Amino acid sequence: MEEEFNICYKCSNNEAVQEEIIKMGQKIEHCDFCDNKNLFGLNQDTIDDIKPYLEAYVAYYYPQADWDGRYGTRNYLDTIYQEELFFSWKKIEQNDKYELLYYSIENNDFKTLILDDHWASPWALVNEEQHKLLNSLTSEDNFKNKLQAATELVNKAELMLKNKTVKISGYRSRIGCKEALGEYGRAVNVPYDKKDIGVAPKHAINSGRANRAFCGFLYLAEDINTSVLEVRAQKGDLVSIGEFHSKSPLRIFDLTDPNIWNFKQNYTTIKELQLISAINSLFSKPIGNGTNSIYLDTQLIVEEIIRKNYDGVCFRSSFTGKRNYTLFNSDLMDEQSGKGKLLKVDKMELTLTEYKDDIYDLF
Ligand SMILES: [Zn+2]
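Criteria and thresholds
Residues numbered from 1 in each chain as written. Predicted model: local features only at pLDDT ≥ 70, side-chain atom pairs only at ≥ 80, totals over all residues. Helix = DSSP H or I, 4+ residues; strand = E, 2+ residues; numbered from the N terminus. Buried ≥ 20, exposed ≤ 12 C-beta atoms within 10 Å, placed from the backbone. Contact = placed C-beta atoms within 7 Å. Core = buried A, V, L, I, M, F, W, Y, C linked by C-beta atoms within 7 Å. Domains from an automatic or database assignment. Axes fitted to C-alpha atoms, helices over the stretch in contact; angles between N-to-C directions. Parallel < 35°, antiparallel > 145°, perpendicular 65-115°, else oblique. Left-handed = near helix turned anticlockwise from the far one by under 90°. Nonpolar A, V, L, I, M, F, W, Y, C, P; charged D, E, K, R; others polar. Expected span 1.5 Å × (residues − 1). Arc of directions from axis to C-beta. Pairing = 2+ DSSP bridges.

1. Side note on the overall build of the chain
Line of reasoning, step 1. Within the chain one finds 13 helices and 14 strands.
Line of reasoning, step 2. When the 363 residues of the chain are sorted by exposure, 31% land in the buried category.
Line of reasoning, step 3. At a minimum sequence separation of 6, the contacts of the chain that also span at least 24 residues come to 71%.

2. Observations concerning the nonpolar core
Line of reasoning, step 1. In this structure, Ile7, Leu153, Leu220, Leu255, Ile279 and Val313 are the most contacted members of the largest nonpolar core, which totals 71 residues.
Line of reasoning, step 2. Taken domain by domain, the makeup of this core includes at least three residues from each of domain 1 (6–116) and domain 2 (145–344).
Line of reasoning, step 3. Those residues within four positions of Leu153 in sequence are excluded, and the remaining contacts are Leu133, Leu134, Leu137, Ile279 and Ile301.

3. Observations regarding the packing of helix H8 (residues 128–139) against helix H9 (residues 143–160)
Line of reasoning, step 1. Orientation of H8 relative to H9, taken along the N-to-C sense of each, is 135°, at an axis distance of 8 Å. By the angle between their axes, H8 is oblique relative to H9. In this structure, the crossing between H8 and H9 has a hand that is left-handed. Contact with H8, carried on its side by Gln130, Leu133, Leu134, Ser136 and Leu137, involves Asn145, Lys146, Ala149, Ala150, Glu152, Leu153 and Lys156 of H9 and no other residues of that element.
Line of reasoning, step 2. Among the residues making up the contact of H8 with H9, the classes are represented as six nonpolar, three polar and three charged.

4. Some details on H9
Line of reasoning, step 1. If you check H9, its first and last C-alpha atoms are 26 Å apart, about what 18 residues at 1.5 Å a residue would give, namely 26 Å.
Line of reasoning, step 2. Those residues of H9 that fall on the buried side of the exposure criterion are Ala149, Ala150, Leu153, Val154 and Ala157. Projected onto a plane normal to the axis of H9, the buried residues spread over an arc of 130° and lie on a single side. Across from the buried face of H9, at angles greater than 90 degrees, the exposed residues are Lys144, Asn145, Asn155 and Leu159.

5. Section: unusual backbone geometry
Line of reasoning, step 1. Of note in this structure, Glu84 is not a glycine but carries a positive phi near 55°.
Line of reasoning, step 2. Note on placement: Glu84 falls in the loop between helix H4 (76–82) and helix H5 (89–92).
Line of reasoning, step 3. Residue Glu84 is classed as partly exposed on the basis of its C-beta count, with 13 C-beta atoms lying within 10 Å.
Line of reasoning, step 4. Located in the positive-phi region is Lys194, a residue other than glycine, with phi close to 45°.
Line of reasoning, step 5. Examined against the element boundaries, Lys194 turns out to sit in the loop between strand E7 (187–190) and strand E8 (218–221).

6. Side note on the packing of H9 against helix H12 (residues 274–284)
What describes two packed helices is the angle between their axes and the distance between those same axes.
Line of reasoning, step 1. Between H9 and H12, the least distance of the axes is 9 Å, while the angle of their chain directions is 120°. In this view, H9 runs oblique relative to H12, as classed from their interaxial angle. Here H9 runs over H12; the crossing is left-handed. Two secondary-structure elements touch here, H9 through Leu153, Lys156, Ala157 and Met160 and H12 through Leu275, Ile276 and Ile279.
Line of reasoning, step 2. Grouping the constituent residues of the contact of H9 with H12 by class yields six nonpolar, no polar and one charged.

7. With respect to the environment of Ile224
Line of reasoning, step 1. By the secondary structure assignment, Ile224 is in helix H10 (residues 224–230).
Line of reasoning, step 2. Each C-alpha atom of the pair Ile224 and Gly242 lies 9.2 Å from the other, and the pair is 18 residues apart in sequence.
Line of reasoning, step 3. Other than its neighbours up to four places away in sequence, Ile224 contacts Tyr171 and Ile241.

8. Section: the environment of Glu84
Line of reasoning, step 1. Here the alpha-carbon distance between Glu84 and Asn13, two residues 71 residues apart in the chain, equals 8.5 Å.
Line of reasoning, step 2. In this structure, Glu84 is in contact with Asn13, Trp89 and Lys90, ignoring residues within four places of it in sequence.

9. Observations concerning the sheet that holds strand E2 (residues 27–30)
Line of reasoning, step 1. Strand order in the open sheet formed by three strands is E1-E3-E2, and the pairing between neighbours is antiparallel. Across the chains shown, the open sheet's two edge strands, defined by having one partner strand only, are strand E1 (6–8) and E2. Direction aside, neighbouring strands of the sheet carry axes that sit 65° apart on average.
Line of reasoning, step 2. The pairing of E2 with strand E3 (residues 37–43) spans three bridges and is classified as antiparallel. Residue pairing across strands places Ile28 opposite Leu39, the latter belonging to E3.

Shown next as structure tokens:
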């Protein structure tokens, strides 16, 4: 008898894959990888149904070299292993059925993305219309054209996102601290809290990545490191940290997690998702001490998102790759009292590599 394997949805480390397995609705009696019984899962036949998503995921998130190995680098299956995509490969490596599962992902009976559309390097495909709109937004002097481009870009991007209403939590950093009375009447440094860690008073708000001057948005990061880096703290700084949780689920325009499942058909459609990466990089581009004009592009995008009745936008930090949130109304979030921290920046690491322009990086 041909060897078989069963793996339950809980053994995937990818939320979209888990959701799809549950949607497929096929139960397995016993998971070979975690010993759970009677859960939704995949076997050597049904795994074929999710392979187009796995391919699309790698094609979207990784450069060509990580896909086809033509430049003597990694190929598709190796990338999945090295990056622990979809399953925690290193954890299940000792399992008897490991190889069956691993190689089943490479064995394709169906037409693969790369054969389907591979008339030229798929990573060089550009969607001309999107490219033009992005150019109008970022380079146009005519304000009306710029504004219209922002509207169209947000309309297009919205179709590529998962419509998310979720509870979120995050950290906010503010350089500095305040003094409180300690033991024996001594002054001690304690973290800013309450209104001092929240949005600054209106008159003190400068133009920011997402907000106009005098307009208070709450900027949070999903982890403390990212939030400290985002406020440009330097070695030796004391930084106050506040933790915030949303009071109820919020509508988030999430640029970190496009709906790849809907774009998995072929390269041409996957390449459309480049728009999300491009908008995300407008937000995450580090801008030293930004001037008003540099922030204008992202402010226009944000205002379109607000008109669509979202509560916030989420983008990836250029410092850490983690999520940053901008909430349009800070009243939607609660500061967790007693969870504030005062941290000192001990060390900032710097890693340098030689820079070469990527000819495929067309946005
Ligand atoms: Zn399992």
